[in-house]
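# Coordinate inspection notes
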Amino acid sequence: TEIRVRQDIPAVLGTRVPLVTGGETGYANLDHAASAPCLAAVRDAVDAFLPWYASAHRGAGFASQVSTRVYERAREVLRKFAGARDRDTVIFTRNTTDALNLLARALPRHTSVVLFDTEHHAALLPWRGPNVVRIPAPRTRLAAVAAVERALAGCPAGPRLVVLTGASNVTGETLPVAEIAAVARRHGARTALDAAQLAPHRPISLTGLDVDYVVLSGHKLYAPFGAGALIGRADWLRAATPYLAGGGATKAVTRHETGVGVTWHTGPERHEAGSPNIVGVHALAVACEQLGAHWDALEAHEHALLERLRAGLAAVPGLAELRLFDDESDRTGTVSFTLDGFEPGWLSAVLSAEYGIGVRDGAFCAHIATRRLAGQGAQAVRVSLGLGTTEEHIDRLVLALRQIVARGARWTYGRPAGRWAP
Ligand code: PMP
């Protein structure tokens, strides 16, 4: 499947990287959860579009017509990618963080918001007010469903929203989204799914999961930075104060004696003021089309690599994998670990400098989760797989860790610790 995946959905990958030893090696990018490499099809689509981008919606020229078409086509692609219903809208944002902040601003007054305290900061922090319940994350998936149910039962009357991450960016574990959405529904609550880490790995469906909102980021979906989306029920968004005030969001602006009067659009453009990122949105849409056409190959590829990775890591002495849940869950190709006696920042610096392996270390914008799972150091190393990953990358990582453990925490190249930079 690895061969097929690389043929079917080739990515644009950085190839050779310098080593501290003076040589160079093939780059093992094991940091897909942060940002995934651009697909070749995305690069080609952007390349073909670059001569034609112009102001969408406003210009009358041919290029503007092309751009308007490309932009609105992308909305339809995202709608399909997310399994949206007729009542749903697609609003383009900068990324997942932006999309969640937009949703937070669009909630009716006094909405109760229920979420786990282990969420990524993008999902943890945008909600304000006295009715935000941050549940301590439970140790099993069943307990997670029950905890949401208990929290909802204690919420005051009025609108309610459950915010939920589809897959953890720290452990790759997936949450029982459909089960929690069903509980939410029974308690008159809506559900918002942070699919930043789920959408690059599994088909998502507003309809299938019965969730109300989905948010995602293009740069984790094999498109470049700068475009993301909020997809979901239009009613609250149609009624909300525009997220950004400015051109494109208005139907009419008039001068009054005491100020200006504004009639805002009620469609997605209400929250998309300013010249939109048409190139980014196009890239995001093409990436979604590519993934949507190849889920089986992608999942098989990642599953095989994840098995190989976990088997390899299990044999590294002193290595402890971070887990949110005690019970097994479906997992994306993301694994975080600590290694007894080794500082994560030091470890990832050595992996890069000596082995050409790119991982991430720290607390992954999920400080509460990482602190709870990583023990005293409150930091870990994260390895995340994707379309660009090969078996060789995994084997190199596992061998590197074994060698590092065998020789001890020594920096061989004259500096005690810290980051090595090319
Ligand atoms: N949620 C999760 C689960 C994430 O992993 C991330 C990115 N690390 C975000 C939200 C935020 O995404 P972005 O940085 O693209 O806004």
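What you see is a predicted model, and the numbers here were worked out from it, not measured in a lab.

### A few points about the nonpolar core
Ranked by internal contacts, the top residues of the largest apolar core, which has 124 residues, are V214 and A287. When residues in this core are grouped by element, the largest group, nine residues, is from helix α10 (residues 278-292). A domain-level breakdown of this core finds at least three residues from each of domain 1 (2-30 + 296-407) and domain 2 (42-292).

### Digging into the environment of I278
Secondary-structure assignment places I278 in helix α10. I278 sits 87 residues away from C365 along the chain, and the two C-alpha atoms are 28 Å apart. Residues in contact with I278, not counting those within four places in the same chain, are Y53, A56, S67, V70 and Y71.

### A short note on the site of the ligand
Neighbouring residues of the ligand: 14 residues in total, closest N95, T96, T97, N169 and S217. For the shell around the ligand, the elements supplying multiple residues, two or more each, are α4 (96-106) and α5 (121-124). Residues that form the shell around the ligand fall into these classes: four nonpolar, nine polar and one charged.

### What to know about the domain arrangement of the protein
In terms of domain boundaries, the protein breaks down into domain 1 (2-30 + 296-407) and domain 2 (42-292). Using C-alpha coordinates to define each centre, domain 1 is positioned 29 Å away from domain 2. Contacts between domain 1 and domain 2 engage 30 residues on the former and 25 residues on the latter. Looking at the side of domain 1 that touches domain 2, the elements with two or more residues in it are α11 (295-314), β14 (334-339) and α13 (367-374).

### Comments concerning the sheet that holds strand β16 (residues 360-362)
Read from one edge to the other, the open sheet built from four strands follows the order β13-β14-β17-β16, with strand pairing classed as antiparallel. In this open sheet, the two edge strands, each paired with only one partner strand, are β13 (319-321) and β16. For this sheet, the mean angle separating the axes of adjacent strands, direction not counted, is 30°. Direction of pairing for β16 relative to strand β17 (residues 380-384): antiparallel, over a ladder of three bridges. The residue bridging D361 from the neighbouring strand is V381, located in β17.

Conventions we followed
Residues numbered from 1 in each chain as written. Predicted model: local features only at pLDDT ≥ 70, side-chain atom pairs only at ≥ 80, totals over all residues. Core = buried A, V, L, I, M, F, W, Y, C linked by C-beta atoms within 7 Å. Buried ≥ 20, exposed ≤ 12 C-beta atoms within 10 Å, placed from the backbone. Helix = DSSP H or I, 4+ residues; strand = E, 2+ residues; numbered from the N terminus. Domains from an automatic or database assignment. Contact = placed C-beta atoms within 7 Å. Near = placed C-beta within 6 Å. Nonpolar A, V, L, I, M, F, W, Y, C, P; charged D, E, K, R; others polar. Pairing = 2+ DSSP bridges. Axes fitted to C-alpha atoms, helices over the stretch in contact; angles between N-to-C directions.

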